Amino acid sequence: MAPAGKVTGFRKEGNDWFCNAGLPSDISILVDDFNFHLHKFPLVAKCGKIAHICEESLEKALTASLDDFPGGPDTFLLAAKFCYGMRMELTPRNIVAVYCAADYLEMTEEYGEGNLLSKSENFLHKNVICNWKDCILALQSSDPVMQRAERLQIVNKCLNALSTMACTDPNLFGWPMMMYGSLQSPGGSILWNGINTGARIPGTESDWWFEDISYLSVGLFERLIIAMKTKGIRPESHAGAIMYYARKYLPGLARWHCGQSGKARTVASFSLTPAAVDQRVLIETIEKLLPEKKGKSFCRFLLGLLRTALILDVNQTCRDSLERKIGMQLELATLDSLLIPTYSDSNALYDTDCVQRIIGHFTSSESRLASFSPLSLDLETSPSSQPLQKAAKLIDNYIAEVASDVNLKPKKIRSLAEALPDSSRSLHDGLYRALDIYFKSHPWLSEKEREELCNIIDYQKLSIDACVHASQNGRLPIRVILQVLFFEQMQLRTALASCLHVLDTESAPGGPGTDPTDMAGQIVQRDGWASVVRENQVLKVDMENMRSRVGELEEEVTKIKQEMKRVTKSHSSLSSPHLVSRKIGCNLLPGSVDAQPDVVNSTGHTPRASVEKARSSRPSWHRRSFSFLG
């Protein structure tokens, strides 16, 4: 047999490989669909597996098949070149496959000092594990041989090395872990001929590794994040890496993230290729990795992830978990991200059932989540005070937005409005606005259905402007309008009483023997505010006139109540709003105008005329426009 030094190389003819050694082949190795025509001596001298095969066979021309060979024909060609003493280059891209092939062929020290297995192990520890870029490349190339690489602890070693480097300040490393450029290390230090000068480049980012790990498969990414969490990575970096990875492979999430993302660093020396990702598996994996934290951008990301999960029809457990995590920080959500379209067979435009479940998680959550640090990834914190009030305002706006859906049932509106406790709303103006939009979009609702929906409003919690608008709103039932008038009068009386009390206190004598005229003179002499005194006196007279008018209003409301009781007892009590209006001396204008609500006209000396008269006589600070409807 020709010595190995005379081997000039290998040539390929179709699916056959031949060794240019000058001697005929005496052994054929079949790897997948490729046949390698080689020689026994150099293979037996290095490979324990082939040596055992040759010992068991007495044939001179042996044919052996290597099933499930790690790395395939390309990796076996590298191992064959090593056996023949030819030059073979180990790289971060092939080290995992070569390592596994050497283990498969049993190329240990027993069959020659410095055999391929020990050489591969040394290269892995000295050249790959200590280098960020090479570690990423090695992990990315390990998918085809994952099972054997797991057994040899190659994957765990790379993951532990990456997690340690990601959790450590990159400026502690004297050599650049990545080749982002010829003059800069990932920590921002300036390099000169590969030497760290210690000089810093302004604007160093802590997310320098987000782009790199996004090239890993979902399984490896999950294991790396778990390893980083074990090493004590900061929660905001933990969440930032997950969000970056999800947005890379779920393009629809881009619009649901308003913060800054990690900058893509595609360099020729790195040249990674994106992993093949199953989006449904990705969402189910991402959901398990998400930290139990909260922030505005993070909540927006969760809602976008839930929307995508509903489109891809992920498993119910994943959807429930996302809804729970959103519900625990509902006060940080925005209206546009909460408007989730219906992806089922329902006729409704929006998935109100999903939002109602989220509200349920919000009200039932006993413990509040900790917030992210405000210094990272635009994951802003929100003040912990008044989360219930913020959520109520958001839900009121949500109901007003979905109220224009003609397929939305009254029961759903009521269940959404009653999902939050009464203490969450100091004012019911938002609920009134939502119901008015709903009545406008559903003119076919019966009087009973309108009254039932109006029962969710506490009219004592309506502002003066809301009461003014409601009292002129022809879309409301007549009973509701009368209730609004009553509470409007009560609010007006309370406001006037408080104002008069303040004026009485300001004009009260300073002492038992003090004359108001003398006191005013002292004020004029001391401060020169004579005009203030005169204005206060005029205002007091006006308030006395207003107090008398309020008394008239009280009498009119009492008469209205008595008339309503009498009409209710009669046979045709509430058969028609026009009948009721005639009995109490009011005429209703037919029809309504969209831009302005229906106004009840008055004839003669009626309660309505008194209300309008009182309203026209109010001071200017009562005459404010009320813009509930556009």
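Provided above is the structure to which this section pertains.
Please read these numbers as outputs of a predicted model, since none were measured by experiment.

Asks: Lay out the packing of helix α11 (residues 235–249) against helix α13 (residues 296–312) with the relevant residues and their values.
Replies: Remark: α11 packs on α13, axes separated minimally by 12 Å, with the N-to-C direction vectors making an angle of 35°. By crossing handedness, the relation of α11 to α13 is classed as left-handed. When α11 is examined against α13, the residues Ala239, Met243 and Ala246 are found in contact with a partner set consisting of Ser297, Phe298 and Phe301. Among the residues forming the contact of α11 with α13, the class breakdown is 5 nonpolar, 1 polar and no charged.

Asks: Tell me about a negative patch on the surface, residues and numbers included.
Replies: On the surface, a cluster of negative charge is made up of Asp32, Asp33, Asp67 and Asp68. With respect to the element layout, Asp68 can be found in the loop between β5 (62–65) and α3 (72–83). Take Asp68: its relative accessible area is 73%, and that puts it in the exposed class.

Asks: Describe the sheet that holds strand β4 (residues 34–38), and please don't skip the residues or the numbers.
Replies: Spatially, β1-β2-β4-β3-β5 is the arrangement adopted by the 5 strands of the open sheet, whose pairing is mixed. This sheet does not close on itself; its edge strands, each paired only once, are β1 (10–13) and β5. Strand-to-strand twist of the sheet, defined as the mean angle between neighbouring strand axes without regard to direction, takes the value 20°. In the packing of α3 onto the sheet, contacts are made with β1, β2 (16–19), β3 (27–31) and β4, and the angle to β4 comes to roughly 10°.

Asks: How would you summarise the packing of aromatic side chains if you had to cite specific residues and measurements?
Replies: The final tally for this structure, using the stated rule, is 11 aromatic pairs. Plain terms: the ring middles of Phe69 and Phe76 are 5.4 Å apart, the flat faces sit at 85° to each other, and that makes the pair edge-to-face. Phe76 carries the same exposure label as Phe69, and that label is buried. Measuring from centroid to centroid gives 6.3 Å for Phe210 and Tyr244, while their planes differ by 55°, and the two rings are tilted. Placement of the pair is Phe210 in helix α9 (residues 210–213) and Tyr244 in helix α11, with a sequence separation of 34 residues. Looking at Phe210, the relative accessible area reads 2%, which means it is buried. Taken together, Trp17, Phe36, Phe69, Phe76 and Tyr104 form an aromatic cluster joined through their ring pairs. Over the ring of Tyr104 we find Lys49, and its NZ or CZ is 5.0 Å from the ring centre.

Asks: Give me the lowdown on the pairing of β4, citing residues and values where you can.
Replies: With 4 of its 5 residues buried, β4 lies for the most part within the structure. The pairing of β2 with β4 spans 3 bridges and is classified as parallel. Pairing of Phe18 across the sheet is with His37, part of β4. Bridge analysis of β3 against β4 gives 5 bridges, and the strand direction is antiparallel. Across the sheet, the residue bridging to Val31 is Phe34, located in β4. Counted along the chain from β3 to the antiparallel partner β4, the turn is 2 residues long, and its residue Asp32 has a positive phi close to 55°.

Asks: Can you tell me about the packing of α13 against helix α14 (residues 316–327), naming the residues and giving the values?
Replies: Between α13 and α14, the least distance of the axes is 10 Å, while the angle of their chain directions is 160°. On the basis of the axis angle, α13 is roughly antiparallel to α14. As for the relative orientation of α13 and α14, their crossing is left-handed in sense. In this structure, α13 uses Leu302, Leu303, Leu305, Leu306, Ala309 and Leu310 to contact α14, whose residues at the interface are Arg319, Leu322, Glu323, Lys325 and Ile326. Grouping the constituent residues of the contact of α13 with α14 by class yields 8 nonpolar, no polar and 3 charged.

Asks: Can you lay out helix α6 (residues 132–140) for me, pointing to particular residues and giving the numbers?
Replies: Within α6, 9 of the 9 residues are buried, leaving the element largely enclosed by the surrounding structure. Every buried residue of α6 is listed here: Trp132, Lys133, Asp134, Cys135, Ile136, Leu137, Ala138, Leu139 and Gln140. For α6, the elements touching its buried residues are α4 (95–104), α5 (116–128), α8 (154–166), α9 and α10 (218–230). Where α6 starts, the residue carrying a side-chain oxygen 3.0 Å from the main-chain nitrogen of Lys133 turns out to be Asn131.

Asks: Tell me about the environment of Phe34, and please be specific about residues and values.
Replies: Structurally, Phe34 can be placed in strand β4. Discounting chain neighbours no more than four positions away, the residues touching Phe34 are Lys12, Gly14, Asn15, Trp17, Ile29 and Pro73.

Asks: Can you explain the nonpolar core? Please cite residues and give values.
Replies: The tendency in soluble globular proteins is for nonpolar side chains to be buried as a group. Ranked by size, the top nonpolar core spans 151 residues in total, and within it Ile29, Leu38, Trp209, Ile213 and Leu330 carry the most contacts. Broken down by element, the residue count for this core peaks at 9 residues, all from α13. Sequence-distant contacts of Ile29, defined by excluding residues within four places in its chain, comprise Phe34, Asn35, Phe36, Leu38, Leu43, Ile50, Ala64, Leu66 and Phe76. In terms of nonpolar packing, the next biggest core, distinct from the first, is built from 6 residues, Leu496, Met543, Met546 and Val550 among them.

Asks: Lay out the pairing of β3 in plain terms, naming residues and giving numbers.
Replies: In terms of residue burial, β3 counts as a mostly covered element, since 4 of its 5 residues are buried. One ladder, built from 4 bridges, connects β3 with β5; its direction is parallel. Its bridge partner being in β5, Ile29 is matched across the sheet by Ala64.

Asks: So, helix α16 (residues 352–364): which residues are in play, and what are the values?
Replies: If you check α16, its first and last C-alpha atoms are 18 Å apart, about what 13 residues at 1.5 Å a residue would give, namely 18 Å. Those residues of α16 not exposed but buried are Thr352, Cys354, Val355, Ile358, Ile359 and Phe362. The arc that holds every buried residue of α16, seen down its axis, measures 155°, which confines them to one face. Packed against the buried residues of α16 are α13, α14, α15 (335–338), α17 (387–402) and α18 (410–417).

About the thresholds
- Residues numbered from 1 in each chain as written.
- Predicted model: local features only at pLDDT ≥ 70, side-chain atom pairs only at ≥ 80, totals over all residues.
- Heavy atoms only, no water.
- Axes fitted to C-alpha atoms, helices over the stretch in contact; angles between N-to-C directions.
- Helix = DSSP H or I, 4+ residues; strand = E, 2+ residues; numbered from the N terminus.
- Left-handed = near helix turned anticlockwise from the far one by under 90°.
- Contact = heavy atoms within 4.5 Å.
- Nonpolar A, V, L, I, M, F, W, Y, C, P; charged D, E, K, R; others polar.
- Patch = residues over 30% accessible without salt bridge, like charges linked within 9 Å, V, L, I, M, F, W, Y side chains within 5 Å.
- Areas by Shrake-Rupley, 256 points an atom, 1.4 Å probe, with all protein chains shown as cover.
- Salt bridge = Lys/Arg side-chain N within 4 Å of Asp/Glu carboxyl O.
- Lys, Arg positive; Asp, Glu negative; His and termini not counted.
- Charge placed at Lys NZ, Arg CZ, Asp CG, Glu CD.
- Buried < 20%, exposed > 50% of the residue type's maximum accessible area, 1.4 Å probe, protein only.
- Pairing = 2+ DSSP bridges.
- Phe/Tyr/Trp six-rings, centres within 6.5 Å; stacked < 30°, edge-to-face > 60°.
- Lys NZ or Arg CZ within 6 Å of the ring centre and 35° of its normal.
- Parallel < 35°, antiparallel > 145°, perpendicular 65-115°, else oblique.
- Polar contact = N/O pair within 3.5 Å; in protein donor to acceptor, adjacent residues only side chain to side chain.
- Core = buried A, V, L, I, M, F, W, Y, C linked by side-chain atoms within 4.5 Å.
- Expected span 1.5 Å × (residues − 1).
- Arc of directions from axis to C-beta.

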